[in-house]
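Now for the letters of each chain:
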Amino acid sequence: MEEEFGCQDLLAFADLFLVQCPKCKNCARVFTPQNALGVNESIIVPGHETKRVSCNQCGFSKDKHPSKKSNHYEFDFNLFEQNPEADWYFGLPLYLQIPCCGRQLWFLNERHLDYIEAYLKKGVRPSNTYYMSIESRLPKWMKSSKNRVQVLRAIQKLKENI
Ligand SMILES: [Zn+2]
């Protein structure tokens, strides 16, 4: 794949995924619940705590636990490799996605969407080093002046549907 995001680049946004509810197709959330398995272990690997998908519309809820390794808990992030347009734990389609410029534009959550929008609008350079890799690895097709207006328009459309 050419110049796409890697899992690591998105880690700063991966505490919340907005996904399509498997039951009612409305917007559901994938997050770390309070009593997550893995958070009290001696080695906490960020993003590897128990995850919950929960829908406020229809009440659907399901947990997924990481596998126990020798002294910590861990998920295999191979779902991302298979389908980046889905969340990393349940493989549910991301809610914030839209076709744009012959590609599929997708975002994990509103914060991710706002960040990309701000960057495309102003070329904002955040000081947080966590974000630096995302910015430098933002696909060229998104940044090109030819596509930028269309990408921003698509982002606007997504925002209206949240
Ligand atoms: Zn639902």
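Since this is a predicted model, take the numbers as computed values, not measurements.

**Things to note about the nonpolar core**
Proteins that are soluble and globular tend to have nonpolar side chains buried together. Membership of the largest hydrophobic core comes to 38 residues, with the highest contact counts inside it found for Phe17, Leu105 and Leu108. For this core, the elements supplying multiple residues, two or more each, are β1 (17-20), β2 (27-31), β7 (96-100), β8 (103-107), α2 (110-122), α4 (140-143) and α5 (145-160). Not counting chain neighbours up to four residues away, the residues in contact with Leu105 comprise Leu96, Gln97, Ile98, Cys100, Trp141, Met142, Val151, Ala154 and Ile155.

**Looking at the environment of Ala118**
Note that Ala118 resides in helix α2. Separated by 34 residues in sequence, Ala118 and Leu152 place their C-alpha atoms 9.6 Å apart.

**Considerations on the sheet that holds β2**
Judged by pairing direction, the sheet is antiparallel, and its 4 strands sit side by side in the order β1-β2-β3-β4 without closing on themselves. A strand with exactly one partner marks an edge of an open sheet, and here the two such strands are β1 and β4 (61-64). Averaged over neighbouring strand pairs, the angle between their axes works out to 25° when direction is ignored. Two elements, β1 and β2, share 4 bridges in a ladder whose sense is antiparallel. The residue of β2 that forms the bridge with Phe17 is Val30.

**Some words on the pattern of salt bridges**
For the structure shown, the criterion picks out 6 salt bridges. Linking Asp63 and Arg52 is a salt bridge whose minimum nitrogen-to-oxygen distance equals 2.7 Å. Separated by 11 residues along the polypeptide, Asp63 in strand β4 and Arg52 in strand β3 (residues 51-54) bring together distant segments of the chain. Residue Asp63 is classed as partly exposed on the basis of its relative accessible area of 32%. Beyond isolated ion pairs, a larger network of salt bridges with shared partners links Asp114, Glu117, Lys121 and Lys159.

What counts as what
- Residues numbered from 1 in each chain as written.
- Predicted model: local features only at pLDDT ≥ 70, side-chain atom pairs only at ≥ 80, totals over all residues.
- Heavy atoms only, no water.
- Core = buried A, V, L, I, M, F, W, Y, C linked by side-chain atoms within 4.5 Å.
- Buried < 20%, exposed > 50% of the residue type's maximum accessible area, 1.4 Å probe, protein only.
- Helix = DSSP H or I, 4+ residues; strand = E, 2+ residues; numbered from the N terminus.
- Contact = heavy atoms within 4.5 Å.
- Pairing = 2+ DSSP bridges.
- Axes fitted to C-alpha atoms, helices over the stretch in contact; angles between N-to-C directions.
- Salt bridge = Lys/Arg side-chain N within 4 Å of Asp/Glu carboxyl O.

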